[in-house]
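Okay, here's what each chain looks like letter by letter:
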Amino acid sequence: MIRTRPFAAASTLMVLAAAASCSSSSTSAPQAKPAVPFAESAPWPKFRGDAAQTGASNVRPSRSGGAFWSYKTGKGIFSSPVVAADGTIYIGSADRTFYALNADGTVRWKLLTGEIIDSAALLDDKGRVYFGSGDGKLRALDAKTGTEVWTMHADDPSVNKSFINWFEGNVAMGPSGQLYVPNDNFFVYAIDRDTGNVNWRYKMPDQTWSLPAVDTSTDTLFVGNNNLLPLLGKNTFGIDGKGETAWSSVTLGTVAASPLLTPDGKMVVGGFDGYVRAYDEATGAELWNVATRDHVYASAARLPDGTIVQPSTDGTVYAIDPASGAVKWTFDVGEPVRSSPAVDGDGNVYFGCGDGRLYALTKDGALRWAMKLIDDVRNDLNASPALGASAIYIAGESGEIFSVPYDFCLRDESKSDPRCTTPGALASDAASLVYTTRFGALSTTPPESIDANEPVTLSLFVRNKGTSKLAILDSTSLTATVDPPAEVDVEVSGDGKFVKVTPKKAFVAGADGTVSIAVRGKYLVDFTRTGLRLSGGNPGGDVQTTVHAKVARAETATLDANGTWEVSRLSIPLPTIMPSYNQIGFDSLHYLLGMVESTNGHGVAWMAGAKLLETENRTVIDPTTKALFPLEVTSDGGLVTLVNLDGLRVEVMNIAMPFKSFRVSARLGADGAAIGDAALSGSTVCGGIDFYGPFMQQLGLCNPQTDVIAFAGAASFKPYVATTGAPIVVGDVAFAVTKDAITATLTGATVKPDEHLAALLVVDAATGRPVTLGYGLDTRRTTTPSGALATVSVPTTGHTLPAQMRVYLMIDTASAAKGAVAAPTK
């Protein structure tokens, strides 16, 4: 969900012609291709810079000029900037706002849309900027003023039985000026740029995040698709300028990257099966492929000599010979790279990384410089850089947009800047378990302290002769020993690349105030591979580590037994597939969590989906949510753990997901908010996931030994104060139990289910534990002729009910009525 050209004072046609002459495999000088009417002299008018999406520019780095600045938006940024001739930068944010920033980083104008923006814009020669957003609208605005020219509304998701109609695939343009824009409603649109009218629609099998590359001599488009498996159709397409299929192909996994076209007629693109492939433009025949160790999200770029540069989420950047597919060099950064590289006129390569750094490599793959741009824990630089006339522009998960002058870290006045510290070299030969933070950052040195109730996550790295190797943990061999002793769950991820050690009760500190967690096991190598699905494998060796840290508690804070919290800005960095499928989507989620019961450190909380108001960034309950479930609460002062281990089933991002476990842990400060962020973790059994489960197994996302996908991450956790509204009246409430359901009947209620969320919560009266039922997916509601709530019912078929129960009528996140019921007699 993240995507993003430069040439100082050259015209678009000159750059295209120059790019076309650089292939190492071309045997004759190609004809100059027709120009595309991008904004004249704009250094980076669209994602990937040009129609062929080479990510290349003729700008050369200078050690003078440019300005270093950053501008912070309200949420994370996963879209990539475009840059106009006057230096204006255009970019969208997950705060639902599209920004036009002056060359000095000040705001020229901004526009609040109805949903998140994670696609890049396009600048044309008529002074317009075009961009899409998650509200299903493609907008054409006056680039200087932000005044609307037209707005196009994507077809409703129901047309193609899709889930949403977000624009996530950026904006492309052909030589006639026709816009090509993919949408999540399964259409790729060809749009008249003057009117916003749809000229044609091309039906895809699934969502399209890939931006079409355009061969301007034929007006043929080349694009990937999110289709997961061959059973469902194709996922790589050549489409002619009239919207007809030229050819199609399929790989095992999503193709989210945007294709690159070479001067000698190849189309190059990577996929979620971990391979980079070259196809013949004319026929779609596969010419070569290169395997990486994880899925490929980033788009490829092309060096001046024709070499293809392709990053992978395995933490490696690959340089590939365009003629043969041979790997010429690699550069390892360790953390996932989703940022599509940009290449300057000297062949230097720029990309962002999951460690918060902007990297600059030489054309030979040596580190030229690196700069730590984000110190925030949300530090992924997953957006792609844009090359301006005097600076590099890139944005990140922290919500900041950065302007970095060329060769900033090589300038005399900046060499001592601590942000320019070169990252530590990866071990040459080692198998290690590396401590991994809640936000997926790797740390060779464990933290000084950990929260007493937080899971400890460790990632596997295997290196041999300076090269990272494909290896996974042997789930059957992993053990964890805790001192002082504590009962823990040890769970290996679906991809076998990390392990979680979760305390069943809070870690207890020893006499010195610390705890030691020793993890030992074996790892496997040399697999039989189908995409990223691995089978077989041989023992590779032993791996072990010990985390020794202080145990942090929250002795002075206490849990508000009647409080409500907002859980937002979810980040699920592990497994690595999660951010690639849904990083900005997770960041956009909001939940409200209210305490329902609390006695002697034990209680029940109610978690419900929320949303932002359309006209302002204020969180309110979502009456239509199907993400609705109880959590068992354990609190010790401000040390709070919320869990559900009973197999809850909720709808997340329009997919019904069964959770084997779901856990939130936080250490609260005096203000009631989490110190730092709350830790999230959980797991699901792939075989239990409707429809997608078997696909996930075939894609290699499920642990072959346990069939489990485990995840780890974090979220913002802070007190929520609702604005005062009209009183909620439920009238008289009577609770009843039948063999099929538990029902609340309301008499005299005025509350309406289209304004408030109504549901039932059932608690075991003997244990005080919540009873997990289909609260979100199965609850049924009826209304009176006036629209007021009449009944609320939750089915119990297939569930064993406790003998005695407390039943709450929940309105939003608060109890509006309470009753005692008994399980029906047989």
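This text follows the structure it describes.
Here the structure is a predicted model, which is why all the values come from computation and not from measurement.

Q: Give a detailed account of the overall build of the protein chain, specifying residues and quantitative values.
A: The helix and strand tally for the protein chain stands at 3 helices and 61 strands. Its C-alpha atoms give the protein chain a radius of gyration of 27 Å, within 12% of the compact-globule value 28 Å for 826 residues. For the protein chain, the spread of C-alpha atoms along the principal axes amounts to about 85 × 65 × 50 Å. Within the protein chain, buried positions represent 62% of all 826 residues. For the protein chain, the accessible area works out to roughly 29,400 Å², and carbon and sulfur atoms hold 50% of it. Each charge sign in the protein chain was given a centre, from 68 positive and 83 negative side chains, and these centres are 1 Å apart.

Q: Report on the sheet that holds strand β32 (residues 400–405), specifying residues and quantitative values.
A: Across the sheet, which stays open at both edges, the 4 strands sit in the order β1-β32-β31-β30 with antiparallel pairing between neighbours. Edge strands, defined here as strands with exactly one partner in the open sheet, are β1 (69–72) and β30 (386–387). Looking at chain direction, strand β31 (residues 391–395) and β32 are connected through 5 bridges and run antiparallel. Residue I394 lies in a different strand from β32, and its bridge partner there is F402.

Q: Lay out a nonpolar patch on the surface in plain terms, naming residues and giving numbers.
A: Together, L231, L232 and F691 make up an exposed nonpolar region whose accessible area comes to about 330 Å². With respect to the helices and strands, F691 occurs in the loop between β53 (678–685) and α3 (692–698).

Q: Please provide a residue-by-residue account of the state of the cysteines, values included.
A: By definition, a disulfide is the covalent link that joins the sulfur atoms of two cysteine residues. Taken as a whole and judged by the stated rule, the model has 2 disulfides. Between C409 and C420 runs a disulfide, and the two sulfur atoms are separated by 2.0 Å. Every disulfide takes its handedness from the sign of the S-S torsion; for C409 and C420 that torsion is -75 degrees, giving left-handed. On the criterion of sequence distance, the pair formed by C409 in the loop between β32 and β33 (430–436) and C420 in the loop between β32 and β33 is long-range, its members being 11 residues apart. The pair formed by C409 and C420 is uniform in burial state, with each residue classed as buried. With no disulfide of its own, C353 lies closest to C409 among cysteine sulfurs, the gap being 15 Å.

Q: Describe the nonpolar core, naming the residues involved and giving the relevant values.
A: One broad rule of soluble globular proteins: the nonpolar side chains tend to lie buried together. Of all hydrophobic cores here, the largest spans 50 residues; its most connected members are V567, L570, L593, M607, L642, F662 and F717. For M607, the residues in contact, after removing those within four places along its chain, are V567, Y591, L592, L593, A627, L628, F629, L631 and F662.

Q: Describe the environment of A549, naming the residues involved and giving the relevant values.
A: By the secondary structure assignment, A549 is in strand β43 (residues 533–552). Placed 397 residues apart in sequence, A549 and M152 show a C-alpha to C-alpha distance of 55 Å. In this structure A549 touches P447, E448, S449, I450, G513, T514 and V515, once residues within four positions along its chain are discounted.

Thresholds, definitions, all that
Residues numbered from 1 in each chain as written. Predicted model: local features only at pLDDT ≥ 70, side-chain atom pairs only at ≥ 80, totals over all residues. Heavy atoms only, no water. Helix = DSSP H or I, 4+ residues; strand = E, 2+ residues; numbered from the N terminus. Rg over C-alpha atoms; globule rule 2.2 N^0.38 Å. Buried < 20%, exposed > 50% of the residue type's maximum accessible area, 1.4 Å probe, protein only. Areas by Shrake-Rupley, 256 points an atom, 1.4 Å probe, with all protein chains shown as cover. Lys, Arg positive; Asp, Glu negative; His and termini not counted. Charge placed at Lys NZ, Arg CZ, Asp CG, Glu CD. Pairing = 2+ DSSP bridges. Patch = residues over 30% accessible without salt bridge, like charges linked within 9 Å, V, L, I, M, F, W, Y side chains within 5 Å. Salt bridge = Lys/Arg side-chain N within 4 Å of Asp/Glu carboxyl O. Disulfide = S-S within 2.5 Å. Core = buried A, V, L, I, M, F, W, Y, C linked by side-chain atoms within 4.5 Å. Contact = heavy atoms within 4.5 Å.

Worth remembering: the numbers are spatial, not functional.
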